[in-house]
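# Structure assessment
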Amino acid sequence: MQKINAEVVSQEKIGTDIYSMWIKAEEMVSCARPGQFVSLYCRDGAKLLPRPISICEIAKEQGALRIVYRVAGKGTEEFSAYKAGENVSVMGPLGNGFPLKEGRAILIGGGIGIPPMLELARQLTGQKQIVLGYRDSHMFLKEEFEAYGSVHVATEDGSAGTKGNVLDAIRTEGLQADVIYACGPTPMLKAIQAYAAESGTEAWISLEERMACGVGACLACVCKSKEKDEHTNVNNKRICKDGPVFRAEEVTL
Amino acid sequence: MNTKVSLAGVLLKNPVMTASGTFGSGAEYGELVDLNRLGAVVTKGVANVPWPGNPTPRVAETAGGMLNAIGLQNPGIDLFCKRDIPFLKQFDTKIVVNVCGRTTEDYLEVVERLADEPVDLLEINISCPNVKEGGIAFGQDPKAVEAITRAVKAKAKQPVIMKLSPNVTDITVMAKAAEAGGADILSLINTLTGMKIDVRTRKFVLANKTGGLSGPAVKPVALRMVYQAAHAVSCPVIGMGGIATAEDAIEFLLAGASAVSVGTANFYNPYATVEIAEGIENYMRENGIEDVNELIGAVKE
């Protein structure tokens, strides 16, 4: 973990309010894992808190990290204006990341939860079924996933793939696996948690919450855990430090 | 050049401390900063039993600041003594334990439990705005401030810092009440109670509705209150509230603080504490100041 001024290698708009940025961060790259995140800091001094953004790709040879993020407010709007050659203040890599398991996997990404699944798809060696949930037929990153496994799509408006959510797609297409990995909105993760329990499938889900420090000190971004957590000594886990990836049955959503 | 300051006989290698709740017990930030460079580490508040804290969201950003309503989540004094104190003992820095409670008895239980621990100072949090019982309820009534201070002092083996709330009409009344109760040191300010509403969802951004405002936005208010408190009492005062740079820290020293705590700045600059300690030394060198104590209360009237 380190905080540096990293050079922006490239910045591209790849969807409605969705941007893809590559940054040069050699030391971070050397230890980064899929499912980890970085904290980006605004230049605007009135915006104090870092914006946690998941790592989308890790290019070891280039010493570069890719983040794909949605412009959700003034902070991410600032990042989206950064051009190649400029610097971005970034800390990372943060959090635990996804464990790489053997066997057949279903990788599920919903909305802006899709990006971290790309590096995971690259690194998993077993058979991969990738389920992506979008609002409509603006399907960012979809083509890039096709290199790593069979891609199944669900759209809210039914304009592409299965109409409905990612679980509708899984059920419609009768997908089965030994392990499920998921990142996306909480209702989606909740449904996957229930699906994993009823089908007896091992599942790993990536959570998000408003953060402040990003390193586990401030206890802002906690989630409820089923068992008493060893560090906090209460039923709370720190998403930034103990997560963002948890065993589905470990947490209460 | 001397950078040491004394807080009720406890000698800090420099006047830079961490602010409670922003630094855990140092372990997380220890990966980024050398804890040996700090005058003291002030731990996150610890109670007699574990507290789960408030529902999330617990934090929100505001212009030049942030709101928090963590609700004093803590692992309880037993685990704290077993894990956090031994961790901090590895470093050459003073250990200040922030103590919280819902009742006077809660506070006293923690204070007594710490009597035989290698802790240098106790900071009694009577000013947390985010818990319904205890916390600020003790800190907004001068009689209650004096009473709890006296009760803690009767049991404490270490010098006692009373941490004051800025959510009062006249800070000097609270400062004097704490001193009358026997406080060895005062620290201020805790956070200012605030609120944020999301106009799209028409909901409060914090699950707790209100939270404590901190960060550079509160610094002028904090500086004014530290100045007033330092002139109202004869015991040392630790200044905090929006300190992010050495210049900020020196302002507080000039206003009368004997030491300073760095809080919210850690969240956006994890190196802030060490940079401030170095920055104070540079300022002393550049201005021919031999002893940092020359700066305390040295604002020209």
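Residues numbered from 1 in each chain as written. Chains lettered and ligands numbered in written order. Predicted model: local features only at pLDDT ≥ 70, side-chain atom pairs only at ≥ 80, totals over all residues. Heavy atoms only, no water.

### Thoughts on the overall build of chain A
Secondary structure assignment for chain A yields 6 helices and 16 strands. Rg of the C-alpha trace for chain A: 17 Å, near the compact-globule value of 18 Å for 253 residues, within the 12% margin. Summarising its shape, the C-alpha atoms of chain A cover approximately 50 × 45 × 35 Å along the three principal directions. The buried share of chain A, taken over its 253 residues, is 57%. Accessible surface, chain A: about 10,200 Å² in total, of which carbon and sulfur atoms supply 46%. Between the centroid of the 29 positive side chains of chain A and the centroid of its 32 negative side chains there is a distance of 4 Å. (Helix = DSSP H or I, 4+ residues; strand = E, 2+ residues; numbered from the N terminus. Rg over C-alpha atoms; globule rule 2.2 N^0.38 Å. Buried < 20%, exposed > 50% of the residue type's maximum accessible area, 1.4 Å probe, protein only. Areas by Shrake-Rupley, 256 points an atom, 1.4 Å probe, with all protein chains shown as cover. Lys, Arg positive; Asp, Glu negative; His and termini not counted. Charge placed at Lys NZ, Arg CZ, Asp CG, Glu CD.)

### What about the pairing of strand β11 (residues 192-195) of chain B?
Residue and element names in this part refer to chain B. Of the two faces of β11, the one holding Leu 192 and Gly 194 is buried and the one holding Thr 193 and Met 195 is not buried anywhere. For β11 and strand β14 (residues 210-214), the ladder comprises 4 bridges, and the chain directions are antiparallel. By the bridge assignment, Met 195 is partnered in β14 with Thr 210. (Pairing = 2+ DSSP bridges.)

### Quick look at the interface of chain B and chain A
Counting residues at the interface gives 38 residues for chain B and 32 residues for chain A. Here chain B packs against chain A, burying approximately 2,700 Å² in sum over the two surfaces, 59% of which is carbon and sulfur. When residues of chain B are sorted by the area they lose upon contact with chain A, Glu28(B), Glu61(B) and Phe267(B) head the list and together hold 23% of the total. Along the contact surface separating chain B from chain A lie 3 salt bridges. (Contact = heavy atoms within 4.5 Å. Buried area = accessible area lost by both parts, 1.4 Å probe. Salt bridge = Lys/Arg side-chain N within 4 Å of Asp/Glu carboxyl O.)

### Some details on the sheet that holds strand β15 (residues 245-247) of chain A
Pairing between the strands of a sheet comes from backbone hydrogen bonds, and it takes one of two forms, parallel or antiparallel. Residue and element names in this part refer to chain A. Spatially, β10-β9-β8-β7-β11-β12-β15 is the arrangement adopted by the 7 strands of the open sheet, whose pairing is mixed. Of all strands in the sheet, those bounded by a partner on one side alone are β10 (162-163) and β15. The sheet contact formed by strand β9 (residues 150-155) and β10 spans 2 bridges and is parallel. Within β10, the position partnered with Ala 154 by the bridge is Thr 162.

### Some remarks on the sheet that holds strand β5 (residues 59-62) of chain B
All names here are of chain B. Across the sheet, which stays open at both edges, the 4 strands sit in the order β5-β6-β14-β11 with antiparallel pairing between neighbours. Edge positions in the open sheet fall to β5 and β11, since each of these has one partner strand only. Strand-to-strand, the axes of this sheet are offset by a mean angle of 40°, without reference to chain direction. Where β5 and strand β6 (residues 65-68) come together, 4 bridges link them in antiparallel fashion. Residue pairing across strands places Thr 62 opposite Gly 65, the latter belonging to β6. (Axes fitted to C-alpha atoms, helices over the stretch in contact; angles between N-to-C directions.)

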